[in-house]
Every structure is written in structure tokens, then in C-alpha cells.
Amino acid sequence: MVRLCGHCCAQRAVLRRPKTAEQLCRECFYAALEEEVHQTIVGARLFRPGERVAVAASGGKDSTVLAHMLTTLNARYNYGLDLFLLSIDEGISGYRDDSLETVKRNEETYKIPLHVFSYKDLYGWTMDEIVREIGTRSNCTFCGVFRRQALDRGAALVKADKIATGHNADDVAETVLLNIIRGDVPRLGRCANIVTGEDSPLPRVKPFKYTYEKEIVMYAYFKKLDYFSTECIYAPYAARGFAREFVKDLEAARPRAIVDLIRSAEQFRVPGLDGVGNAAAAAALPQPGNCERCGYISSQAGSACLWEIIPS
Amino acid sequence: MELLFGNQKTVEADIPVSNGGQLTVAEAMAWARDNLLTERPELFMKGSSVRPGVLVLVNDTDWELCGELEAEVAEGDRVTFISTLHGG
Ligand SMILES: [Zn+2]
């Protein structure tokens, strides 16, 4: 049974879009997804002409599709962006060294420069060395915090104006749920923002905030993009836990659920944030502070970040 | 996904058809789980269907367009499973 594309009515449909239930052929799907991301970028004014934008590149599906899309749209719509790839080498043999090979091939394919910063350069140790010290318990949490910070440092060193990350709609919906479950009100108020750190020297933007993971993977699959899909050796089956699973179950029951979760989080108004509420409400919120040891921002004033665990 | 299937990317399989009928994706999937899967079946299937977050294509077409579990497969057809659950 062959179904025709609901848009051009000429080619065979190859997928059903989760958000709209449209059935599209390959070409119409590429065009629809690219246009949607372009509208997100333009609508939220994510970039300004002449900006130097670091595309956070892990070699995985999201960042590979992001590099592909941003270079395509930059050329098609003359954004005037100076794009480059920024990768972090955590020092995980058999995982990051292989995925970095993928990023190096992306550098060739998309003709944008690649900068790699390693934990070894920035911090003096590799993730392999850390795991040897502390074991694999909680190492993903540490690694995630260090990677985030390493991206900031690396981007600053190569004078980026902004960092673009491959966070997709499923990731954002998952974060919204996690913040509700944890009762983390300040984070709930900002986790669905498309730009974070607006006032900081290095804002982060999420061009895929409304893009479903299914469509990113289908796009990469149909376009045969070269991405790396092996799991990290320290958490081969991590799979991001129950919140992720729950988001996927919701999507299976009702595909719009993901974008609905994001839209509702956008409506949250947290007293003390976004200029709503009064000073007392603002003061009652936990304030971020700087780590006593490294000076990097930590979630609570006066507390150390994760440096405490690192053998000196 | 390869990790679960003994690191193989593509597997050619001769799936026995029960009671002379038409093979469906549901049957092919259950057969793959019982005969090909080497690790962690819960990361592949949940109940009698695929685990949410695993995409299924029949001859490179989204299975949602072919009837999902009821989609018919015949000799030479290709069923693709893609996990979306790894990092990006
Ligand atoms: Zn079409």
C-alpha cells in the first residue's frame, strides 16, 4: 500500500510528522523541518549578523543535524554567521576518541573550522583518570557539569559570541518534568527558555527547542548524515532514566504532548524571576553563587561546585 | 541498538511464518527478540511492541504509515530499528 505525500501529492510519503500528523515525502519533509527551524531562529531572534557562533558538537545525532542545518540555513538565508564546531574531549577512550573522529569528518563536510578542548588541557585530568579514582557511580553528573563548563571556557578562548546546542523538544520536555518532580521552581521558570544566559558574555541558544527527536533522527537517517551512536562506555545503558521514558510514553499516546509540555512551561511565571512578584518573593528563591574554589557558578551561594571530588 | 544485537548492524533473517499466513512487523520483532537479541530485551521492546523511543521503518518508510505492528512484511523486505535514546 503506497501513500502519497500530503504536500506535493507526487512522491511516496515516508513519514508521519509527530506534531502535525502530516504525511510527507523525503523532500517535503526536509523542506518543512528546515523551514520550521528557520522560523524558530528568526522568530526568537537567536542570532545577529556577524556573530561568531560555536556549534557544540559531540558527533551525536542532535549536534550533527544542528551543524548541517545551521550551515544550510546560514547559506540559504544569509544569516551572516561565522560558524564553527566546538568539541570537548572528556578523555574517555573507546568513546570520545571515536566520536571526535566523526566531528572531524563533519568539519570536512560542512567546511567550518573545528576547535577541540580536552578536560586534560582545561582541568589537568581525563574522565578515565577520574573514574579510576571515584568509580562509575555518579560520574555522569560530574562529567555533565564539567562538560558544560568546558564548553563555556572553550567558547570564550576562541572568542565566540554564542553557543548553539542541539537540545531538542524531547530534551526540553524531559527537563520540564524533572524540574516539576524535583520542585525546582527557579529552574522551572527558565528551563523552557530558548536562550539562556542572556546577560552573560556567552548566551546559549537552542534552535531545536521545538524539533522532535523523532524528526531529527529521521532527517539524519534519510540524509545519511554521518553521526556517532555508540553509548558512552561508562554508562552504556544510561538512557536518561524514567523521565525520558515517560516523555516517550506520552508521545506514543499523544504526539503533541511534547510540544504542549514546552508551551505550558513557557507560561510559568515564577515570582521574583522575569520581573514578576516582589522583592521578598525574589529573596526567598535560592540564589546562584560562585564556587569557592574555581569561581564558576554553582547552584547555591557559598557552596563548592564539583571540584571537591577531584583528586588534586 | 547494535550493542543489543551482538554488535551487528544488519542481519539477514529467515523468519519462519506460522500457519502459512502473512508475516507482520509484530511477529518479526518478537522473532528478532527471541532469536537475535543478545542483551537487555527491555531496551528493545516493551510489552508486545517496541519500546517508546525506538523508531521503526519498513523499507525505509516510517511504520506509522504502514500499520505499525500490523504492517506486513514479505521476503526481501527490510525492517529498521533506530534507537533515539542515546545522547545527542
Ligand atoms: Zn512531497
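Asker: Help me understand the coordination of the zinc ion in this model?
Answerer: When a metal holds four donors in a tetrahedron, each ideal angle between them is 109.5 degrees; when it holds six in an octahedron, the ideal angles are 90 or 180 degrees. Residues and elements named next belong to chain A. Donor atoms from the polypeptide that coordinate the zinc ion comprise Cys-5 (SG), Cys-8 (SG), Cys-25 (SG) and Cys-28 (SG), at 2.3 to 2.4 Å from the metal. Here the zinc ion is ringed by four donor atoms whose angles at the metal span 101 to 114 degrees, and the overall shape comes out tetrahedral. All donors of the zinc ion come from a single chain, and their spacing in sequence reads C-x2-C-x16-C-x2-C. Highlighted residues: Cys-8 in the segment before strand S1 (15–16) and Cys-25 in the loop between strand S2 (23–24) and helix H1 (26–43), separated in sequence by 17 residues. You can call Cys-25 buried: its relative accessible area is 2%.

Asker: Is there a simple way to think about the packing of helix H5 (residues 127–134) of chain A against helix H6 (residues 139–157) of chain A in this case?
Answerer: The description of two packed helices rests on the angle between their axes and on the distance between the axes. Residues and elements named next belong to chain A. At a minimum axis separation of 11 Å, H5 and H6 run at an interaxial angle of 145 degrees. Crossing handedness for the pair H5 and H6: right-handed. Counting all contacts with H5, which are made through Met-127, Val-131 and Ile-134, the residues of H6 involved are Asn-139, Phe-142 and Cys-143. Along the lines of polarity and charge, the residues of the contact of H5 with H6 split into five nonpolar, one polar and no charged.

Asker: Just checking my understanding: could you explain the pattern of salt bridges for this structure?
Answerer: When the charged atoms of two side chains lie near each other, side chains of opposite charge can form a pair. Within the structure shown, the criterion is met by 35 salt bridges over all chains. For Glu64(B), the salt bridge identified is with Lys214(A), shortest N-O distance 3.0 Å. With Glu64(B) in the loop between strand S5 (61–62) and strand S6 (72–73) and Lys214(A) in helix H9 (residues 213–222), the pair connects residues from two separate chains. Residue Arg256(A) pairs with Asp260(A) through a salt bridge whose shortest N-O separation is 3.4 Å. The partly exposed category is assigned to Asp260(A), whose relative accessible area is 26%. Members of the salt-bridge network, linked through shared partners, are Lys61(A), Asp62(A), Asp170(A), Asp171(A), Glu174(A), Glu213(A), Arg244(A) and Lys248(A).

Asker: Honestly, a negative patch on the surface in this entry has me stumped. Any pointers?
Answerer: A surface patch of negative charge is lined by Glu12(B), Asp14(B), Glu75(B) and Asp77(B). Owing to a relative accessible area of 32%, Asp77(B) belongs among the partly exposed residues under this scheme.

Asker: Looking at this model, I keep getting lost on the confidence of the model for chain A. Mind explaining?
Answerer: Should pLDDT be low for a region, the predicted coordinates there are not to be read in detail. Residues and elements named next belong to chain A. Chain-level pLDDT for chain A is 85 on average; 84% of the residues reach the 70-or-more range. For residues 299–304, every residue scores under 50 in pLDDT, and the model assigns this stretch 19 contacts once sequence neighbours within four places are set aside. In this model, residues 307–312 is a region of pLDDT below 50 whose contacts with residues beyond four sequence positions or in other chains number 16 contacts.

Asker: I keep staring at the sheet that holds strand S4 (residues 82–89) of chain A and nothing clicks. Help me out?
Answerer: Residue and element names in this part refer to chain A. With respect to topology, six strands assemble into an open sheet ordered S5-S4-S3-S6-S8-S7, the strand pairing being mixed. Two strands bound the open sheet, and with one partner strand each, they are strand S5 (114–118) and strand S7 (195–196). Two elements, strand S3 (residues 52–56) and strand S6 (residues 162–164), share three bridges in a ladder whose sense is parallel. For Ala-54, the partnering residue across the bridge sits in S6 and is Ile-163.

Asker: Is there a simple way to explain the pairing of S3(A) in this structure?
Answerer: Two faces, one strand: in a regular strand the side chains alternate between the faces of the sheet. All names here are of chain A. Counted residue by residue, S3 has four buried out of five residues, so it is predominantly covered. Both S3 and S4 contribute to a ladder of five bridges, which runs parallel. Residue pairing across strands places Val-53 opposite Leu-83, the latter belonging to S4. Following the backbone out of S3, through helix H2 (residues 61–77) and into the adjacent parallel S4, one traces a crossover that is right-handed.

Asker: Is there a simple way to explain H6(A) in this structure?
Answerer: Think of an α-helix as turning once every 3.6 residues; residues three or four places apart then point the same way. Residue and element names in this part refer to chain A. In this model H6 runs 26 Å from its N-terminal to its C-terminal C-alpha over 19 residues, within 8% of the 27 Å that 1.5 Å per residue would give. Considered for burial, the residues of H6 that qualify are Asn-139, Phe-142, Cys-143, Phe-146, Gln-149, Ala-150, Leu-151, Asp-152, Gly-154 and Ala-155. Of the residues one or two after H6, Lys-159 is the one with positive phi, at around 60 degrees.

Asker: Sorry, what's going on with the packing of aromatic side chains here?
Answerer: Aromatic ring pairs are described here by two measures, namely the spacing of the ring centres and the angle between the planes. Residue and element names in this part refer to chain A. In the structure shown here, the tally under the stated rule is 13 aromatic pairs over all chains. Both rings, one in Tyr-95 and one in Phe-228, keep their centres 6.0 Å apart while their planes meet at 55 degrees; by these two values the pair is tilted. With Tyr-95 in the loop between S4 and helix H3 (96–110) and Phe-228 in the loop between H9 and helix H10 (241–253), this pair connects stretches of sequence that are 133 residues apart. Ring geometry for Tyr-221 against Phe-222: centres 5.8 Å apart, planes inclined by 65 degrees, an arrangement best described as edge-to-face. In this structure Tyr-221 comes out as partly exposed when scored by relative accessible area, which is 21%. Classification of Phe-222 by relative accessible area gives buried; the value is 4%.

Asker: Help me out: how do you make sense of the sheet that holds S5(B) in this one?
Answerer: Strand-to-strand pairing in sheets goes through backbone hydrogen bonds, with the strands running parallel or antiparallel. An order of S5-S4-S7 (chain B) is seen for the three strands of this open sheet, with the pairing classed as antiparallel. If you trace the sheet from one side to the other, it starts and ends with S5 and strand S7 (79–83) of chain B, each paired once. The sheet contact formed by strand S4 (residues 54–58) of chain B and S7(B) spans five bridges and is antiparallel. Across the sheet, residue Val54(B) finds its bridge partner in S7(B), namely Ser83(B). The sheet contacts of H9(A) involve S4, S5 and S7 of chain B, and relative to S4(B) the element is tilted by about 45 degrees.

Asker: Just to check I follow, could you spell out the packing of helix H7 (residues 169–182) of chain A against H10(A) for this structure?
Answerer: Residues and elements named next belong to chain A. Packing of H7 against H10 brings their axes to within 9 Å, and their N-to-C directions diverge by 120 degrees. When the axes of H7 and H10 are compared, the pair comes out oblique. In this structure, the crossing between H7 and H10 has a hand that is right-handed. For the pair H7 and H10, contact is made by Asp-170, Asp-171, Ala-173, Glu-174, Leu-177, Leu-178 and Ile-181 and by Phe-242, Ala-243, Arg-244, Phe-246, Val-247, Lys-248 and Glu-251, respectively.

What counts and what doesn't
- Residues numbered from 1 in each chain as written.
- Chains lettered and ligands numbered in written order.
- Predicted model: local features only at pLDDT ≥ 70, side-chain atom pairs only at ≥ 80, totals over all residues.
- Heavy atoms only, no water.
- Donors = N, O, S within 2.8 Å, 3.2 Å for Na, K, Ca; no water.
- Tetrahedral: all angles 85-135°; square planar, octahedral: opposite > 155°, others 65-115°.
- Helix = DSSP H or I, 4+ residues; strand = E, 2+ residues; numbered from the N terminus.
- Buried < 20%, exposed > 50% of the residue type's maximum accessible area, 1.4 Å probe, protein only.
- Axes fitted to C-alpha atoms, helices over the stretch in contact; angles between N-to-C directions.
- Left-handed = near helix turned anticlockwise from the far one by under 90°.
- Contact = heavy atoms within 4.5 Å.
- Nonpolar A, V, L, I, M, F, W, Y, C, P; charged D, E, K, R; others polar.
- Salt bridge = Lys/Arg side-chain N within 4 Å of Asp/Glu carboxyl O.
- Patch = residues over 30% accessible without salt bridge, like charges linked within 9 Å, V, L, I, M, F, W, Y side chains within 5 Å.
- Areas by Shrake-Rupley, 256 points an atom, 1.4 Å probe, with all protein chains shown as cover.
- Lys, Arg positive; Asp, Glu negative; His and termini not counted.
- Charge placed at Lys NZ, Arg CZ, Asp CG, Glu CD.
- pLDDT = per-residue confidence, 0-100.
- Pairing = 2+ DSSP bridges.
- Right-handed = clockwise from strand over helix to strand, strands pointing away.
- Expected span 1.5 Å × (residues − 1).
- Phe/Tyr/Trp six-rings, centres within 6.5 Å; stacked < 30°, edge-to-face > 60°.
- Parallel < 35°, antiparallel > 145°, perpendicular 65-115°, else oblique.

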